[in-house]
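What follows is each chain in one-letter form.
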Amino acid sequence: MIEQLSAPTRVAVLGASGRMGAEAVKAVEAASDLMLVAALGRGDSLDQLATSGADIVVDLTVPESTEANVRYAVEHGMHAVVGTTGWDSTRIAALEALLAAHPETGVLIAPNFALGSVLASAFAAKASKYFESVEIIELHHPEKVDAPSGTAVRTAQLIAAERKAADVPPSPDATTSELAGARGCDVEGVRVHSVRLRGLVAHQEVLLGGPGEQLTFRHDSFDRASFMPGVLLGVRNVAAHPGLTVGLDGYLDLGL
Ligand SMILES: NC(=O)c1ccc[n+]([C@@H]2O[C@H](COP(=O)([O-])OP(=O)(O)OC[C@H]3O[C@@H](n4cnc5c(N)ncnc54)[C@H](O)[C@@H]3O)[C@@H](O)[C@H]2O)c1
Ligand SMILES: O=C(O)C1=N[C@H](C(=O)O)CCC1
C-alpha cells in the first residue's frame, strides 16, 4: 500500500530576527508538518511573502507595522497568525471589513500564545463577577515598547464583559487626589498597572478582592519557549477558522 503524505503547510515569519520571531522560526523549522518558506525582517519587501507561496503568515513585529502586514497577507490569500500588540478597536473593525471581502481567509490575533496565560485570563474573567474589586498588574522585560501589555488589555476587556453581563458595580475606590499614574490606567473600568523590570519576561496578576478575602490569578512566562505551543496551535488551526478570531481561547475548548 502506498502511504499518502500530505504536503507540509508553508509558513512565513515576519519579525524573524526579533525575540519572538527568532523563537517562532526555530519552532516552525522543528515541526515536521510545517515548512518555513520565508523569514523576513524590517526593511524586507512584503512581496517576498507572495513569491514564497506561504499559506500562513506569522506576524511578530511591532505595533506600527502589524496592520499593514496582515492586510497584505489577507489581500494575497494567506491566513495570518498575529502575536503583535496594537490591535485597538479601530484596527479590528478595519480588519473585519477586509475579511468580509475575503471570506475564506482566517486571521488569529492572539495577545498571548502561552496556554497558561490564556487559561488564567479566562478563569479570572469568570471569577471576577463574584468580587467587589478587580485590578491587574502586568510585569514585563524593560525592552517592551508598549504599555499596558496586550494581554492585560485583553484580560481587562474579558473581565469588563463578564462584570457588565452580571451587573457588577465598578470597583470601589475613594481616591480623590493622586500623582499622575499612581492608580495605573483605566481599561474599560479595570485599573491596570505596568511594571518594567530587568530579569522579567512576561507575567501578570489579576487581583480579585472581596470582604476579608483575595483571590489572585498569576501567570509567569519565564522563557519565550512558553509561547511556541500556542503559535503552532494557531498555525495549525487558522485555516479552519475563517474570519477573525481574537484570543487563542477561540481555538480551545475551555467549556466556560
Ligand atoms: N502574543 C504573544 O504571546 C506575544 C509574546 C511575546 C511578544 N508579543 C508581541 O510580539 C511583538 C514582538 O515582540 P518581540 O519581543 O519579539 O519584539 P522585538 O522588537 O524583539 O521584535 C520585533 C521584530 O520585528 C521587526 N520588524 C519591525 N517591523 C517589521 C516589518 N515591517 N516587517 C518585518 N519585521 C519587522 C523588528 O526589526 C524586530 O526584529 C510585540 O508586539 C510583543 O508585544 C506577543
Ligand atoms: O514581551 C512582550 O512584549 C509580550 N507581549 C505580549 C503582550 O503585550 O501581552 C505578550 C506577553 C509578552
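Residues numbered from 1 in each chain as written. Chains lettered and ligands numbered in written order. Predicted model: local features only at pLDDT ≥ 70, side-chain atom pairs only at ≥ 80, totals over all residues.

**Re the site of ligand 1**
Neighbouring ligand 1 are 25 residues, the closest being G15, G18, M20, S65 and G83. For the shell around ligand 1, the elements supplying multiple residues, two or more each, are helix 1 (19–29) and helix 3 (63–75). (Near = placed C-beta within 6 Å. Helix = DSSP H or I, 4+ residues; strand = E, 2+ residues; numbered from the N terminus.)

**Remarks on the site of ligand 2**
In the region of ligand 2, the neighbouring residues are T85, P111, N112, H140, K144, S149, G150, T151 and A202. Per-class residue counts for the shell around ligand 2 are 2 nonpolar, 6 polar and 1 charged. Residues lining the shell around ligand 2 come from more than one domain, with at least three contributed by each of domain 1 (9–113 + 225–251) and domain 2 (115–172 + 183–222). (Nonpolar A, V, L, I, M, F, W, Y, C, P; charged D, E, K, R; others polar. Domains from an automatic or database assignment.)

**So, the sheet that holds strand 10 (residues 213–221)**
The strand order 7-8-6-9-10 describes an open sheet built from 5 strands, whose pairing is mixed. Lying at the two open borders of the sheet, with one neighbouring strand each, are strand 7 (185–187) and strand 10. Across this sheet, the average inter-strand angle for adjacent strands is 25°, counted without regard to direction. Bridge count between strand 6 (residues 133–140) and strand 9 (residues 202–210): 8 bridges; the pairing is antiparallel. Note on strand 9: the bridge partner recorded for S133 is G209. Running at roughly 165° to strand 10, helix 5 (residues 115–128) makes contact with strand 6, strand 9 and strand 10 of the sheet. (Pairing = 2+ DSSP bridges. Axes fitted to C-alpha atoms, helices over the stretch in contact; angles between N-to-C directions. Contact = placed C-beta atoms within 7 Å.)

**Some words on the sheet that holds strand 1 (residues 9–14)**
What the 6 strands build is an open sheet, ordered 2-1-3-4-5-11; its pairing is parallel. Edge positions in the open sheet fall to strand 2 (34–40) and strand 11 (243–246), since each of these has one partner strand only. Ignoring strand direction, the axes of neighbouring strands in this sheet form an average angle of 20°. Direction of pairing for strand 4 (residues 79–82) relative to strand 5 (residues 106–109): parallel, over a ladder of 3 bridges.

**Regarding the UniProt feature "domain: Dihydrodipicolinate reductase N-terminal" (unreviewed entry) in the protein chain**
Under the present numbering, the feature "domain: Dihydrodipicolinate reductase N-terminal" (unreviewed entry) in UniProt falls on residues 10–113. A helix fraction of 40% and a strand fraction of 23% characterise residues 10–113, whose end C-alpha atoms lie 20 Å from each other. (UniProt positions renumbered as here; feature names shortened; annotations may be inferred.)

**Overview of the nonpolar core**
One finds V11, V13, A24, V57, V58 and V231 to be the most contacted residues of the largest nonpolar core, which totals 60 residues. In this structure, this core is formed jointly by two domains, domain 1 (9–113 + 225–251) and domain 2 (115–172 + 183–222), each of which donates at least three residues. (Core = buried A, V, L, I, M, F, W, Y, C linked by C-beta atoms within 7 Å. Buried ≥ 20, exposed ≤ 12 C-beta atoms within 10 Å, placed from the backbone.)

**Regarding the UniProt feature "active site" (unreviewed entry) in the protein chain**
The feature "active site" (unreviewed entry), as annotated in UniProt, sits at H140 and K144 in this numbering. The topology assignment puts H140 in strand 6. Excluding residues that lie within four positions of it along the chain, H140 makes contacts with S149, R196, L200 and A202. Structurally, the position occupied by K144 is in the loop between strand 6 and helix 6 (150–165).

**Focus on the packing of helix 3 against helix 4 (residues 89–100)**
The contact between helix 3 and helix 4 brings their axes to 11 Å, and the two run at 10°. In this view, helix 3 runs roughly parallel relative to helix 4, as classed from their interaxial angle. The segment helix 3 lies against helix 4, with E67, V70, R71 and V74 engaging R91, L95, L98 and L99. For the contact of helix 3 with helix 4, the class distribution of residues is 5 nonpolar, no polar and 3 charged. (Parallel < 35°, antiparallel > 145°, perpendicular 65-115°, else oblique.)

**Describing unusual backbone geometry**
For the bond running from A147 to P148, omega is -5°, close enough to zero to count as cis. Looking at the secondary structure, you find P148 in the loop between strand 6 and helix 6. Phi angles above zero are rare outside glycine, and D167 is one such case at about 55°. With respect to the secondary-structure elements, D167 resides in the loop between helix 6 and strand 7. A count of 7 C-beta atoms within 10 Å places D167 in the exposed class. Residues other than glycine seldom take positive phi values, yet E188 does so here, at roughly 50°.

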